Amino acid sequence: MTDDFDNDLIKFGFEGSKGISDELLEKYGKKYNKNQIIINEGDASDDVYILYEGSCFVLKRVGETYKVLNIINPGEVFGEMAVFNEKIRSATVAASEDNTICLKFPKDVFINIFRIHPRWVDKILGEMSERIVEMVKKL
Amino acid sequence: MINFENVFQKGKFRKCEPGTKLFSTGEIVSENAISIIKTGQVDLVIPKKDGAKISIPLGEGELIGVPEVYTGSKRVTEAVCRSQVECYSWNESEFLEALSIAWELSLYTIRSLASQLKIINSEFVEKIHINI
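The shown structure was predicted, so the numbers you read here are calculated from the model rather than taken from an experiment. (Residues numbered from 1 in each chain as written. Chains lettered and ligands numbered in written order. Predicted model: local features only at pLDDT ≥ 70, side-chain atom pairs only at ≥ 80, totals over all residues. Heavy atoms only, no water.)

A short note on the overall build of chain B
When its secondary structure is counted, chain B shows 4 helices and 9 strands. When the helices and strands of chain B are placed in sequence order, the string is α-β-β-β-β-β-β-α-β-β-α-α-β. Counting over 132 residues, chain B shows a buried share of 52%. Restricting the contact set of chain B to residue pairs at least 6 apart, pairs at least 24 apart contribute 76%. Just so you have it, chain B exposes about 6200 Å², and 48% of that area is on carbon and sulfur atoms. (Helix = DSSP H or I, 4+ residues; strand = E, 2+ residues; numbered from the N terminus. Buried < 20%, exposed > 50% of the residue type's maximum accessible area, 1.4 Å probe, protein only. Contact = heavy atoms within 4.5 Å. Areas by Shrake-Rupley, 256 points an atom, 1.4 Å probe, with all protein chains shown as cover.)

As C-alpha coordinates, this is what we get:
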(Lines give C-alpha, C1' and ligand atoms only; values in the text may rest on other atoms or scores of the structure.)
Protein backbone atom coordinates (compact mmCIF):
# COMPACT_ATOMS: atom_id res chain seq x y z
CA MET A 1 0.00 0.00 0.00
CA THR A 2 1.18 3.53 -0.73
CA ASP A 3 1.40 6.41 1.77
CA ASP A 4 -1.76 7.79 0.20
CA PHE A 5 -3.61 4.77 1.37
CA ASP A 6 -5.34 5.86 4.53
CA ASN A 7 -8.18 4.50 6.62
CA ASP A 8 -10.83 6.32 4.61
CA LEU A 9 -9.76 4.49 1.48
CA ILE A 10 -9.67 1.15 3.25
CA LYS A 11 -13.21 1.72 4.54
CA PHE A 12 -14.33 2.66 1.04
CA GLY A 13 -12.62 -0.46 -0.34
CA PHE A 14 -14.54 -2.69 2.03
CA GLU A 15 -17.89 -0.95 2.04
CA GLY A 16 -18.17 0.58 -1.43
CA SER A 17 -20.40 3.66 -1.79
CA LYS A 18 -21.66 3.33 1.79
CA GLY A 19 -18.12 3.81 2.98
CA ILE A 20 -17.54 7.24 1.41
CA SER A 21 -16.52 9.58 4.21
CA ASP A 22 -16.57 13.39 4.15
CA GLU A 23 -12.77 13.32 4.25
CA LEU A 24 -12.65 11.05 1.21
CA LEU A 25 -15.03 13.35 -0.65
CA GLU A 26 -12.95 16.36 0.26
CA LYS A 27 -9.72 14.72 -0.85
CA TYR A 28 -10.86 13.01 -4.05
CA GLY A 29 -14.21 14.64 -4.90
CA LYS A 30 -14.52 17.00 -7.86
CA LYS A 31 -17.61 18.94 -8.89
CA TYR A 32 -18.54 19.47 -12.55
CA ASN A 33 -21.06 21.67 -14.33
CA LYS A 34 -23.38 20.50 -17.09
CA ASN A 35 -21.44 19.60 -20.28
CA GLN A 36 -18.09 20.03 -18.55
CA ILE A 37 -15.64 17.47 -19.85
CA ILE A 38 -14.26 15.05 -17.26
CA ILE A 39 -12.31 12.75 -19.58
CA ASN A 40 -11.25 13.82 -23.04
CA GLU A 41 -11.03 11.28 -25.89
CA GLY A 42 -7.44 10.89 -27.11
CA ASP A 43 -5.81 12.21 -23.93
CA ALA A 44 -3.22 10.11 -22.12
CA SER A 45 -4.27 9.78 -18.49
CA ASP A 46 -5.08 6.95 -16.15
CA ASP A 47 -7.16 8.33 -13.32
CA VAL A 48 -10.25 6.30 -12.43
CA TYR A 49 -13.57 7.94 -11.53
CA ILE A 50 -16.55 6.89 -9.49
CA LEU A 51 -19.70 8.92 -10.01
CA TYR A 52 -20.95 10.04 -6.61
CA GLU A 53 -23.81 12.37 -7.55
CA GLY A 54 -25.42 13.53 -10.80
CA SER A 55 -24.97 11.81 -14.14
CA CYS A 56 -22.57 11.72 -17.08
CA PHE A 57 -22.60 11.01 -20.80
CA VAL A 58 -20.04 8.79 -22.45
CA LEU A 59 -19.43 10.45 -25.82
CA LYS A 60 -17.65 9.76 -29.06
CA ARG A 61 -16.34 12.66 -31.08
CA VAL A 62 -17.68 12.65 -34.64
CA GLY A 63 -16.39 15.63 -36.57
CA GLU A 64 -17.41 18.77 -34.71
CA THR A 65 -20.07 17.13 -32.56
CA TYR A 66 -20.32 14.39 -29.95
CA LYS A 67 -22.56 11.38 -30.03
CA VAL A 68 -23.77 9.55 -26.94
CA LEU A 69 -22.49 6.02 -26.37
CA ASN A 70 -23.81 5.55 -22.88
CA ILE A 71 -25.05 7.17 -19.68
CA ILE A 72 -23.27 6.80 -16.35
CA ASN A 73 -25.31 6.73 -13.15
CA PRO A 74 -24.26 7.28 -9.51
CA GLY A 75 -22.09 4.51 -8.09
CA GLU A 76 -20.68 3.50 -11.48
CA VAL A 77 -16.95 3.36 -12.17
CA PHE A 78 -15.58 4.93 -15.33
CA GLY A 79 -12.16 5.56 -16.82
CA GLU A 80 -11.03 2.11 -15.68
CA MET A 81 -10.24 1.01 -19.22
CA ALA A 82 -7.18 3.28 -19.19
CA VAL A 83 -5.85 1.45 -16.14
CA PHE A 84 -6.39 -2.08 -17.35
CA ASN A 85 -6.02 -1.69 -21.09
CA GLU A 86 -4.15 1.38 -22.29
CA LYS A 87 -3.67 4.98 -21.24
CA ILE A 88 -5.17 6.73 -24.23
CA ARG A 89 -8.79 7.60 -23.53
CA SER A 90 -11.07 5.95 -26.05
CA ALA A 91 -14.11 8.15 -25.34
CA THR A 92 -15.08 11.46 -23.78
CA VAL A 93 -17.05 11.66 -20.54
CA ALA A 94 -18.94 14.84 -19.68
CA ALA A 95 -21.28 15.82 -16.87
CA SER A 96 -24.88 15.80 -18.07
CA GLU A 97 -26.15 17.98 -15.23
CA ASP A 98 -24.89 20.69 -12.92
CA ASN A 99 -23.32 19.75 -9.58
CA THR A 100 -22.19 16.36 -10.79
CA ILE A 101 -19.66 15.03 -8.30
CA CYS A 102 -17.06 12.37 -9.07
CA LEU A 103 -14.39 10.77 -6.96
CA LYS A 104 -11.20 10.95 -8.97
CA PHE A 105 -8.55 8.40 -7.99
CA PRO A 106 -5.00 8.18 -9.34
CA LYS A 107 -4.31 4.75 -10.86
CA ASP A 108 -2.17 3.48 -7.95
CA VAL A 109 -4.75 4.47 -5.36
CA PHE A 110 -7.54 2.84 -7.35
CA ILE A 111 -5.59 -0.40 -7.76
CA ASN A 112 -5.08 -0.54 -4.00
CA ILE A 113 -8.82 -0.03 -3.43
CA PHE A 114 -9.54 -2.65 -6.09
CA ARG A 115 -7.42 -5.24 -4.30
CA ILE A 116 -9.07 -4.76 -0.91
CA HIS A 117 -12.30 -6.56 -1.66
CA PRO A 118 -13.66 -8.83 -4.44
CA ARG A 119 -16.64 -6.47 -4.74
CA TRP A 120 -14.58 -4.29 -7.08
CA VAL A 121 -13.81 -7.11 -9.51
CA ASP A 122 -17.50 -8.05 -9.56
CA LYS A 123 -18.55 -4.44 -9.92
CA ILE A 124 -16.21 -3.62 -12.78
CA LEU A 125 -16.83 -6.88 -14.64
CA GLY A 126 -20.57 -6.43 -14.15
CA GLU A 127 -20.60 -2.85 -15.39
CA MET A 128 -18.37 -3.56 -18.39
CA SER A 129 -20.46 -6.61 -19.28
CA GLU A 130 -23.65 -4.57 -19.17
CA ARG A 131 -22.11 -1.93 -21.42
CA ILE A 132 -21.01 -4.57 -23.93
CA VAL A 133 -24.35 -6.39 -24.04
CA GLU A 134 -26.30 -3.13 -24.25
CA MET A 135 -24.19 -1.75 -27.07
CA VAL A 136 -24.06 -5.00 -29.05
CA LYS A 137 -27.88 -5.11 -28.98
CA LYS A 138 -27.99 -1.58 -30.39
CA LEU A 139 -25.50 -2.15 -33.21
CA MET B 1 1.19 -14.91 -19.30
CA ILE B 2 -0.75 -16.56 -16.52
CA ASN B 3 0.51 -19.86 -15.19
CA PHE B 4 -2.38 -21.80 -16.68
CA GLU B 5 -1.68 -25.07 -14.94
CA ASN B 6 -1.85 -23.45 -11.54
CA VAL B 7 -4.75 -21.11 -12.07
CA PHE B 8 -7.02 -23.25 -14.17
CA GLN B 9 -7.04 -26.58 -12.40
CA LYS B 10 -10.81 -26.33 -12.17
CA GLY B 11 -11.20 -25.42 -15.83
CA LYS B 12 -11.90 -27.93 -18.58
CA PHE B 13 -9.14 -28.12 -21.18
CA ARG B 14 -10.41 -28.10 -24.77
CA LYS B 15 -8.66 -28.36 -28.10
CA CYS B 16 -10.73 -27.09 -31.03
CA GLU B 17 -10.18 -27.23 -34.77
CA PRO B 18 -10.40 -24.17 -37.02
CA GLY B 19 -14.03 -23.30 -37.74
CA THR B 20 -15.35 -24.76 -34.47
CA LYS B 21 -18.14 -22.64 -32.98
CA LEU B 22 -17.63 -22.22 -29.25
CA PHE B 23 -21.09 -20.66 -29.01
CA SER B 24 -23.68 -19.01 -31.25
CA THR B 25 -25.82 -15.89 -30.97
CA GLY B 26 -29.07 -16.51 -29.09
CA GLU B 27 -27.84 -19.59 -27.22
CA ILE B 28 -28.48 -19.95 -23.52
CA VAL B 29 -25.22 -19.85 -21.58
CA SER B 30 -24.27 -23.47 -20.93
CA GLU B 31 -21.65 -25.50 -19.11
CA ASN B 32 -18.69 -23.97 -20.98
CA ALA B 33 -19.80 -20.50 -20.02
CA ILE B 34 -16.45 -18.71 -20.05
CA SER B 35 -13.23 -19.68 -21.77
CA ILE B 36 -9.71 -18.34 -21.81
CA ILE B 37 -7.56 -18.85 -24.89
CA LYS B 38 -4.29 -20.64 -24.20
CA THR B 39 -3.14 -20.78 -27.82
CA GLY B 40 -4.66 -19.84 -31.16
CA GLN B 41 -7.16 -17.26 -32.29
CA VAL B 42 -10.92 -16.93 -31.91
CA ASP B 43 -13.16 -14.49 -33.78
CA LEU B 44 -15.87 -12.93 -31.69
CA VAL B 45 -18.53 -12.12 -34.27
CA ILE B 46 -21.16 -9.48 -33.57
CA PRO B 47 -24.20 -9.40 -35.85
CA LYS B 48 -25.42 -5.90 -36.75
CA LYS B 49 -29.05 -5.02 -37.42
CA ASP B 50 -28.24 -4.17 -41.05
CA GLY B 51 -26.98 -7.72 -41.63
CA ALA B 52 -23.29 -6.83 -41.52
CA LYS B 53 -20.98 -8.45 -38.98
CA ILE B 54 -18.18 -7.11 -36.83
CA SER B 55 -15.36 -9.51 -36.09
CA ILE B 56 -13.16 -9.01 -33.04
CA PRO B 57 -10.04 -11.21 -33.13
CA LEU B 58 -9.12 -12.61 -29.72
CA GLY B 59 -5.81 -14.26 -28.91
CA GLU B 60 -3.77 -15.78 -26.12
CA GLY B 61 -4.88 -14.79 -22.62
CA GLU B 62 -8.19 -13.30 -23.77
CA LEU B 63 -11.53 -14.26 -22.28
CA ILE B 64 -14.63 -15.33 -24.17
CA GLY B 65 -18.22 -15.31 -22.97
CA VAL B 66 -17.94 -13.08 -19.90
CA PRO B 67 -20.60 -10.41 -20.65
CA GLU B 68 -23.48 -12.88 -20.94
CA VAL B 69 -22.55 -14.59 -17.68
CA TYR B 70 -22.45 -11.31 -15.78
CA THR B 71 -25.69 -10.00 -17.26
CA GLY B 72 -27.58 -13.31 -17.36
CA SER B 73 -28.46 -12.78 -21.02
CA LYS B 74 -28.42 -15.21 -23.94
CA ARG B 75 -25.35 -15.08 -26.16
CA VAL B 76 -25.21 -11.78 -28.02
CA THR B 77 -22.18 -12.79 -30.07
CA GLU B 78 -20.78 -15.84 -31.83
CA ALA B 79 -17.32 -17.25 -31.09
CA VAL B 80 -15.58 -19.14 -33.91
CA CYS B 81 -12.07 -20.60 -33.87
CA ARG B 82 -9.98 -19.02 -36.61
CA SER B 83 -7.09 -21.42 -36.03
CA GLN B 84 -6.55 -24.49 -33.91
CA VAL B 85 -7.34 -23.31 -30.40
CA GLU B 86 -6.43 -24.59 -26.96
CA CYS B 87 -8.54 -23.11 -24.21
CA TYR B 88 -9.79 -23.69 -20.71
CA SER B 89 -13.51 -23.41 -20.02
CA TRP B 90 -15.51 -23.09 -16.84
CA ASN B 91 -19.09 -22.94 -15.79
CA GLU B 92 -20.12 -19.81 -13.92
CA SER B 93 -19.37 -21.00 -10.39
CA GLU B 94 -16.01 -22.49 -11.41
CA PHE B 95 -15.05 -19.19 -13.01
CA LEU B 96 -15.99 -17.20 -9.90
CA GLU B 97 -13.93 -19.62 -7.83
CA ALA B 98 -10.97 -19.22 -10.19
CA LEU B 99 -11.30 -15.43 -9.92
CA SER B 100 -11.23 -15.63 -6.14
CA ILE B 101 -7.97 -17.58 -6.11
CA ALA B 102 -6.20 -15.78 -8.94
CA TRP B 103 -5.79 -12.03 -8.85
CA GLU B 104 -4.18 -12.15 -12.30
CA LEU B 105 -7.27 -13.68 -13.81
CA SER B 106 -9.39 -10.68 -12.86
CA LEU B 107 -6.86 -8.39 -14.55
CA TYR B 108 -6.84 -10.51 -17.70
CA THR B 109 -10.63 -10.54 -17.72
CA ILE B 110 -10.94 -6.78 -17.32
CA ARG B 111 -8.26 -6.13 -19.94
CA SER B 112 -10.00 -8.46 -22.34
CA LEU B 113 -13.40 -6.81 -21.83
CA ALA B 114 -11.81 -3.37 -22.15
CA SER B 115 -10.31 -4.19 -25.53
CA GLN B 116 -13.62 -5.65 -26.75
CA LEU B 117 -15.49 -2.61 -25.48
CA LYS B 118 -13.08 -0.28 -27.22
CA ILE B 119 -13.77 -1.93 -30.58
CA ILE B 120 -17.53 -1.94 -29.97
CA ASN B 121 -17.38 1.74 -28.94
CA SER B 122 -15.73 2.63 -32.20
CA GLU B 123 -18.51 0.87 -34.14
CA PHE B 124 -21.33 2.34 -32.15
CA VAL B 125 -22.68 5.80 -32.68
CA GLU B 126 -26.11 6.56 -31.32
CA LYS B 127 -28.22 9.10 -33.13
CA ILE B 128 -28.06 11.65 -30.34
CA HIS B 129 -25.89 14.69 -30.93
CA ILE B 130 -24.52 16.74 -28.09
CA ASN B 131 -22.87 20.08 -28.61
CA ILE B 132 -20.23 20.80 -26.02
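Looking at the interface of chain A and chain B
In this assembly, 35 residues from chain A lie in contact with 35 residues from chain B. For the pair chain A and chain B, the summed buried area comes to about 3700 Å², and 75% of that belongs to carbon and sulfur atoms. Applying the counting rule to chain A against chain B returns 2 residue pairs in polar contact (both at pLDDT 80 or more). When residues of the side of chain A that touches chain B are traced back to their parent elements, those giving at least two are strand S4 (56–62), strand S5 (65–72), helix H3 (81–84), helix H4 (107–116) and helix H5 (119–138) of chain A. The dominant element in the side of chain A that touches chain B, judged by the number of residues it contributes, is H5 of chain A, at 15 residues. Among the residues forming the side of chain A that touches chain B, the class breakdown is 20 nonpolar, 6 polar and 9 charged. (Buried area = accessible area lost by both parts, 1.4 Å probe. Polar contact = N/O pair within 3.5 Å; in protein donor to acceptor, adjacent residues only side chain to side chain. Nonpolar A, V, L, I, M, F, W, Y, C, P; charged D, E, K, R; others polar.)

A few points about the sheet that holds strand S1 (residues 12–16) of chain B
Residues and elements named next belong to chain B. Pairing in this open sheet of 4 strands is antiparallel, and the strands run S1-S8-S3-S6 from one edge to the other. Looking at the sheet topology across the chains shown, the edges are occupied by S1 and strand S6 (63–64). Examined bridge by bridge, S1 and strand S8 (residues 85–90) share 5 bridges and lie antiparallel to one another. Counted as the bridge partner of Cys16 is Val85 from S8. Most of the contacts of helix H3 (residues 92–101) go to S8, to which it runs at about 95°, and overall it touches strand S3 (34–39), S6 and S8. (Pairing = 2+ DSSP bridges. Axes fitted to C-alpha atoms, helices over the stretch in contact; angles between N-to-C directions.)

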